[in-house]
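A structural walkthrough
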Protein chains: 2
Amino acid sequence: MTRQPWQEVARIAQEARDKSIELVQPPVPDIPADLPLNVSGIPKQLLTPAEVEITETPPEVLVESLASGKLTSVEVVNAFLRRAGLAQKLVNCITELLPKEALERAEYLDNYLKEHKKPIGPLHGIPISVKEHVAMKGRGLNAGFVAWWDRVASEDAHALQILWKAGCVFYARTTEPQTLMQLACSSNLYGETVNGFNRQLTSGGSSGGEGALLGLNGSVLGLGTDIGGSIRSPAANNGVYGLRPTGGRFPFDGLAAARGAQGIPAVMGPMSTSRAGLRLLMKTALAAKPWLKETSLFPFPWRDQESYLQSDSGKKLKVAVIWDDGVVRPHPPVTRALKELADKLKNVSGVEVVDWKPYKHDYGWERIASLYYCDGAHDDYDILTDGGEPMLPLSEFIIKNNPYRKRLQMEDLWDLLQKNEEYRRAYAKQWNDTATGLDSDGNPVGMVDVLLCPVGPGAAPPINEAKYWGYTAQWNLLDYPAAVFPVTRVIPDVDTVESDYKPRNEKDEHNYKLYDPEVYRDAPVSLQLVARPFDDEKVRFPV
Amino acid sequence: MTRQPWQEVARIAQEARDKSIELVQPPVPDIPADLPLNVSGIPKQLLTPAEVEITETPPEVLVESLASGKLTSVEVVNAFLRRAGLAQKLVNCITELLPKEALERAEYLDNYLKEHKKPIGPLHGIPISVKEHVAMKGRGLNAGFVAWWDRVASEDAHALQILWKAGCVFYARTTEPQTLMQLACSSNLYGETVNGFNRQLTSGGSSGGEGALLGLNGSVLGLGTDIGGSIRSPAANNGVYGLRPTGGRFPFDGLAAARGAQGIPAVMGPMSTSRAGLRLLMKTALAAKPWLKETSLFPFPWRDQESYLQSDSGKKLKVAVIWDDGVVRPHPPVTRALKELADKLKNVSGVEVVDWKPYKHDYGWERIASLYYCDGAHDDYDILTDGGEPMLPLSEFIIKNNPYRKRLQMEDLWDLLQKNEEYRRAYAKQWNDTATGLDSDGNPVGMVDVLLCPVGPGAAPPINEAKYWGYTAQWNLLDYPAAVFPVTRVIPDVDTVESDYKPRNEKDEHNYKLYDPEVYRDAPVSLQLVARPFDDEKVRFPV
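About the cut-offs
Residues numbered from 1 in each chain as written. Chains lettered and ligands numbered in written order. Predicted model: local features only at pLDDT ≥ 70, side-chain atom pairs only at ≥ 80, totals over all residues. Heavy atoms only, no water. Pairing = 2+ DSSP bridges. Helix = DSSP H or I, 4+ residues; strand = E, 2+ residues; numbered from the N terminus. Axes fitted to C-alpha atoms, helices over the stretch in contact; angles between N-to-C directions. Least-squares fit on C-alpha atoms with pLDDT ≥ 70 in both. UniProt positions renumbered as here; feature names shortened; annotations may be inferred. Contact = heavy atoms within 4.5 Å. Buried < 20%, exposed > 50% of the residue type's maximum accessible area, 1.4 Å probe, protein only. Polar contact = N/O pair within 3.5 Å; in protein donor to acceptor, adjacent residues only side chain to side chain. Buried area = accessible area lost by both parts, 1.4 Å probe. Salt bridge = Lys/Arg side-chain N within 4 Å of Asp/Glu carboxyl O. Nonpolar A, V, L, I, M, F, W, Y, C, P; charged D, E, K, R; others polar.

The next subject is the sheet that holds strand S9 (residues 241-244) of chain B. All names here are of chain B. Strands sit in the order S1-S3-S2-S8-S10-S9-S16-S17-S15-S11-S12 across an open sheet of 11 strands; the sheet is mixed. In this open sheet, the two strands that pair with only one neighbour each are strand S1 (94-97) and strand S12 (351-355). Neighbour-to-neighbour, the strand axes of the sheet open up by a mean angle of 25°, direction not taken into account. In the sheet, strand S11 (residues 317-321) pairs with S12 via five bridges, with the strands oriented parallel. The residue bridging Ala320 from the neighbouring strand is Val354, located in S12.

This is how it looks when you write it as structure tokens:
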């Protein structure tokens, strides 16, 4: 079959997106011709005060207003449709809006509330944005590939089925990069998604559309996916919250994916403008007992009762700080954020702050980079060829220039998986060795509860420069749950270059040279909390 | 390097085994030259009354007597050493006994109890037998291969470390078949392990030595491994209890294995002369929080509190019976056992008995048989060649004659894993569809709690005839926990041939023709209980 040129497919894709946005009423406002780098203040200027108020309300408050009837779903959904449409114009984060379906659904929910005097479920009437990667029945499922532009999902992903049943409204689908394997968000279908706080920086990725949209309050609750940092990088880059759950905690069925990795769990997870938003999505998804359908899921609800969250040392929460992973040194604003937060924590009674010595994170990267493309990326190359599209710079970085990519025989795979297992044991041992004593059964207690660490070696990097995955991929390799949260912004006057620093290696040098405070101005600086496998509930602070 | 002929390696292996048995004092009794087929009554005739009493006490009672000092560990361990040595002479189930180490350990524990007035742990002083497959520091680790005869384990398997800390005594290592992939127990190193109730039948396998030893009360607690029925087949064949836990429940680190399967979790699990023995080992292993070292393990203790074990329908325990898997019809004694038990259950208040329609179990076998040898069994062929040993009939059956064995490319593997996932969803759906209503969150309730089914298409088959894995491997494929327990024995007068039966297919015909009541005389007939993933605690009856 003769394919259209990729440029033509992209034109069709973008036209379809634009048409979906044109359906929003009142029409999405035009944006100024001469945009500043930081466009985060613009929606406030162009939307109505009511729309601004709604879209800047955190999701845990919105659901209450919706459940009580203080707000209608129609007005909430329409405010987010308008703000999402505007975000598209500002940062290019949308693949399609769903105004017709969303408003119909909102109306149905409003009527339901009127009739039954109670909400339909815990997410009654609230809009949720979804990364294109997640299957939505009857809609495209392209994973950022031109060749897959016209693939259509035959049913909703399991997570969407659950959230729908809980009463939410799906209203926006968001961008992702070519191959899904970028900590940035550039595809030939939709171009580049940029950062709303500084448009010369990346939104991050691969859930980059979600990150950028949430960052501009075009959404308060979203779904992303993560196999190397794809929820956390965009959440961090845009100053919002994101959780990469442990593999097997959150429903996973129904993704478009080029296959590739073996032994590294890809996961779906929540992103939100608030910490409570993450909890709301986790709690709701797990209350539906997703393990009854997906039997590989762990059969447990969200456990945020105090008894579960207690530190194993009885009282103290023990936080270990990773200041630097020993491979690539974080930029000054990240170190400042760590220091500010660590100092604050030291003053919280019941919290103990210690240092963490990263255990061979460079070796960790070698392990995960070896497993990302077990087929030597043949699948990806085939799909790119099929679409007739060029490989983009950051796809080249992780595929073509990945020194660990290799077509594996089964025996090679087993060797790699064995090495992983050994590395996981060694990392767990270091964690166990932080124990201060033994309980009555002879088991260690007083161990570190959570790690506090950077999300990347800097704030959102400039376009095409997001090349160090170590700070996020490390936890995918180990399958530890990890959440990110905003702490500060880059302040050029404060976060000056460490002028006497001597880079340790090529990656470190690349990152060091990248840092120019002016280039990063206003970029959100976020941090990451990491817990042990299945302790997803513990990646939160009592502050 | 020039290898010795395999016969010479086998001679050395068997000589080492015999020498280890010769160290037992008083010496293990000689057995009659003219053995009956059923040798299960012989140990009683040749051991002292005290030894008989000790070895025929269930483990949950033994641990109490040991903890209170009513019995010393030295007398208990010595009784089991003597009975295990005798079992070796009768059914060929031992690779080595450890009299010196075991008695030293027992003496240490006896002294500990005297000095501290309390046991060292929940397994204080009790002997545990272990399949050779499980690494024991400084000892051989051959997985049934001649080439691996001189491989030595550098440390104890994780499970052994835990059980040791809980106070047990390791005293016997037991046989396993060539390649570990037989539901029987024949190797060139040690020959054939046979069934103590009828020596013309197999012990089952691959944990065949454990099964045979437990069947003759040469052990009350043992450790086996299972990737297709290897705990359950020998437990069932020898009339004892065995549990294949869900993957990720029981510590797993430290096995000798030829690699092969991908996507099918191999597990370690308990075997015992009593149901309570299974619980004792699970509870003890999980109380040690093995997930702190092996981070892929599910971080939960053994949950046998009533609240957890309650049926989701509130009161009734709903048992669904698989009379026949639709592929190979069970022999008459198995059907009789099912019927007897189902009838008994129907009279228990609070228990509901329904039928289960097996969902494509033939397709299930195709799935798992496709994944057993992802490398086309190259690894196994290499090791066999390296040892210069012939491939035994049941290794040929599962390797050479396995129509689904194929060296896979990564893409093939992904296709297979995807099909598995779909099959698992479809199976779960059938289970969910047994719901009788919805709870207040809209989740299904009143579903089946456990399946009751055969462990195989008959009692222990004759030597070299164990060729139908479907009744056990089905649950490995789905990763459902499954336990087996004895119900009755083959009674030739009662369990007559179904003379008018027309076999459905070649496998069914093989099994049908196999059945001659006289050949199976006295063979234990066991059944299997199956629960949903992670519901290991639920595979037990309230009767």
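The next subject is the relation of the copies chain B and chain A. Superposition record for chain B on chain A: RMSD 0.0 Å, screw rotation 180°, translation along axis 0.0 Å. In the structure described here, the two chain copies are related by an operation that fits a two-fold rotation axis. In terms of proximity to the rotation axis, the leading residue of chain B is Gln409 of chain B, whose C-alpha is 3.4 Å off the axis.

In this section: the UniProt feature "binding site: substrate" (unreviewed entry) in chain A. Residue and element names in this part refer to chain A. UniProt feature "binding site: substrate" (unreviewed entry): in the numbering of this structure it lies at Leu180, Ser206, Ile227, Gly228, Gly229 and Ser230. A stretch of 51 residues holds the annotated residues, and the largest C-alpha distance among them is 11.0 Å, short enough that they meet in one place. Non-local contacts of Ser206, meaning those with residues more than four positions away in its chain, are made with Lys131, Thr175, Glu176, Pro177, Leu180, Gln182, Ala184, Cys185, Thr225 and Ser230. Tracing the sequence through the fold places Ser230 in the loop between strand S8 (221-226) and helix H9 (232-237). Here Ser230 falls in the buried class, since its relative accessible area comes to 5%. Setting aside anything within four residues of it in sequence, one finds Ser230 in contact with Lys131, Leu180, Gln182, Leu183, Gly205, Ser206, Ser207 and Thr225. Reaching out from Ser230, the side chain makes a polar contact with the side chain of Ser206 at a distance of 2.8 Å.

This paragraph deals with the interface of chain B and chain A. Counting residues at the interface gives 46 residues for chain B, matched by 46 residues for chain A. Taken over both partners, the interface formed by chain B and chain A buries close to 3,900 Å², and the fraction arising from carbon and sulfur atoms is 51%. The partner of Arg425 of chain A in a salt bridge is Asp253 of chain B, with the nearest N and O atoms 2.4 Å apart. Counting across the chain B and chain A interface gives 14 residue pairs in polar contact (both at pLDDT 80 or more). Counting residues per element, the ones that place at least two in the side of chain B that touches chain A are helix H14 (378-387) and helix H16 (410-432) of chain B. Here the element with the most residues in the side of chain B that touches chain A is H16 of chain B; it accounts for 11 residues. The class makeup of the residues in the side of chain B that touches chain A is 20 nonpolar, nine polar and 17 charged.

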